[in-house]
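Residue-level listing of the chains:
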Amino acid sequence: MSSSTTVRTFRRRTLRVAAAALTAAAALTLTACSDSDAAGTKPPGQSDTGVSAESGGTGSSPKAQGSDAPPSAPAKADTEAGAAGKQSGKQSGSGHAAEGGKAASTVRTQRLADGISTAEITKLGDQHYRAKIVARGSVLATLETKGHDDGLDANDMFVTLTLDGQVHSWMGGGHQGPGTFKLAGGWTAKVTKVGELKYRAQIIGHDGVAATLETNGHDVGLNANGIYIVLSSGGVISAHA
């Protein structure tokens, strides 16, 4: 074989070796790029920020995400704050329920005009009182103020309970309505029947009608400038100073 033939053969082999080397290098480069892309690819649906996922899906501000604190710190703080708020609200609600459900205490017990009965008076709130009429251990009736005075005709013993928790009682002095009657203190009562167990009494003074009492199946009472008036569901009216 001549020297020129040997040189050409060597060159072709060298070119083939170089081409093979370039092919291998290209394959390695493609493999590396493929691995790099695979490493940088996120599974579908994965969030870019771990804070949102760990805090139950609540996103945090860029400032919070960029802080030096670990990602779990804001989520933990929010969780603890929420738990504290719930606990505080629970305690507040419990205190409120305890206050609202507090049993009313007896203010005083007062002897009534018949010499046998007593009134057990309790305060339920502002201008809200209850008086139980008790005789020989039994509760005979209950009076209660709810924005107005209350009254009772207990077998010709008349009792009133006023908005400030005062109880007044007296015996007799009743007038059977319908009719017009002179009362203590210079008042006049005009009693009319408006239905079954339903009577109306207009309390008239020097300047005309000052107040109106009306029964609706139960007795009613009134403090008229220090004159205590009861109108029963049977149409009996009585007053006492």
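For the structure, check the block above.
Residues numbered from 1 in each chain as written. Predicted model: local features only at pLDDT ≥ 70, side-chain atom pairs only at ≥ 80, totals over all residues. Heavy atoms only, no water.

K.L.:
Just to check I follow, could you spell out the sheet that holds strand E9 (residues 179-182) for this structure?
P.N.:
Working definition: the strands of a sheet are paired by backbone hydrogen bonds and lie parallel or antiparallel to each other. With respect to topology, 4 strands assemble into an open sheet ordered E9-E10-E11-E12, the strand pairing being antiparallel. Lying at the two open borders of the sheet, with one neighbouring strand each, are E9 and strand E12 (208-214). Taking each pair of neighbouring strands and ignoring which way they run, the sheet shows an average axis angle of 25°. Where E9 meets strand E10 (residues 188-195), 4 bridges bridge the pair, whose relative direction is antiparallel. By the bridge assignment for E10, Phe181 is matched with Ala189. (Pairing = 2+ DSSP bridges. Helix = DSSP H or I, 4+ residues; strand = E, 2+ residues; numbered from the N terminus. Axes fitted to C-alpha atoms, helices over the stretch in contact; angles between N-to-C directions.)

K.L.:
It is not clear to me how the pairing of strand E13 (residues 220-224) should be interpreted in this structure. Could you clarify?
P.N.:
For a regular strand, the rule is simple: side chains alternate between the two faces of the sheet. E13 sits mainly inside the fold: 4 of its 5 residues count as buried. Alignment of E13 against strand E14 (residues 227-231), held across 5 bridges, turns out to be antiparallel. Residue pairing in the sheet places Ala224 in a bridge with Ile227 of E14. Adjacent in sequence and paired antiparallel, E13 and E14 are bridged by 2 residues, among which Asn225 carries a positive phi angle near 55°. (Buried < 20%, exposed > 50% of the residue type's maximum accessible area, 1.4 Å probe, protein only.)

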